[in-house]
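Structure assessment
So you can see what is in the structure, the chains are spelled out below.
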Amino acid sequence: MKKLVILFLALFSFSIGYSQKFGYVDTDYVLSKMPEYKEAQAEIDQLSLGWQEEIQEMARKIKSMYSELQAEEVLLTADMKKERLDEIATKETELKEYQKKIFGFEGLFFLKKKELIKPVQDQVFDAVERVCKEQRLAIIFDKSGDLVMIYTDPRHDYTDYVLDELGLGDPNDVIK
């Protein structure tokens, strides 16, 4: 029995010696402090707005075509009406395809966002990795992601270290 207790205490003390440090970072907060991210986000917003206006213009044209058809419907032959309906259907299909091309999965919006945001995110991830190595952290969580933390001890917040690593820290702030 004594051997079992001694073995247990030895294993327990051994595991304490090798316990892992962990921390968390709020990457949304870090990104909000980066001018490169703000510039990229502004460019993405501008592109998105332009594409949305194009789509709205196409939709207005289709609506106008419907209105014209309804106004002239009594004057049109069955073949002429069918021809106009086919033309409207073609324009609607083109609109849906354009929307998918721009805003769909792997669309131009997604690709442009990836092109502009990924380098900035890579800077943050590199800084996080350097902070983890300097602080000897085994695990670090992203507080801004899907991970929900009910309670967090502020002494495990390494956001300021990452900001300092990126040269964005407040010189008046004292790191915890």
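In short, a report on the structure. (Residues numbered from 1 in each chain as written. Predicted model: local features only at pLDDT ≥ 70, side-chain atom pairs only at ≥ 80, totals over all residues. Heavy atoms only, no water.)

1. Quick look at the pattern of salt bridges
- Counting across every chain of the model gives eight salt bridges.
- Salt-bridge contacts for Lys118 lead to Asp122; the nearest nitrogen and oxygen are separated by 3.2 Å. Of this pair, Lys118 and Asp122 are both found in helix α5 (residues 108-135), four residues apart, which corresponds to roughly one turn of the helix.
- Since its relative accessible area comes to 40%, Lys118 is described here as partly exposed.
- A residue is classified by how much of its surface remains accessible, and Asp122, at 30% relative accessible area, is partly exposed. (Salt bridge = Lys/Arg side-chain N within 4 Å of Asp/Glu carboxyl O. Helix = DSSP H or I, 4+ residues; strand = E, 2+ residues; numbered from the N terminus. Buried < 20%, exposed > 50% of the residue type's maximum accessible area, 1.4 Å probe, protein only.)

2. Let's talk about the packing of helix α3 (residues 35-72) against helix α4 (residues 78-103)
- Running from N to C, α3 and α4 cross one another at 170°; their axes reach a closest spacing of 10 Å. For the element pair α3 / α4, the angle class is roughly antiparallel.
- Of the residues assigned to the contact of α3 with α4, the class counts are 14 nonpolar, three polar and nine charged. (Axes fitted to C-alpha atoms, helices over the stretch in contact; angles between N-to-C directions. Parallel < 35°, antiparallel > 145°, perpendicular 65-115°, else oblique. Nonpolar A, V, L, I, M, F, W, Y, C, P; charged D, E, K, R; others polar.)

3. Notes on the packing of aromatic side chains
- The tally for this structure, following the rule as stated, stands at four aromatic pairs.
- Taking 6.0 Å as the distance between ring centres and 35° as the angle between the ring planes, the aromatic pair formed by Phe105 and Phe110 counts as tilted.
- We classify Phe105 as exposed; its relative accessible area is 75%.
- Among the aromatic residues, those joined into a ring-pair cluster are Trp51, Phe103 and Phe109. (Phe/Tyr/Trp six-rings, centres within 6.5 Å; stacked < 30°, edge-to-face > 60°.)

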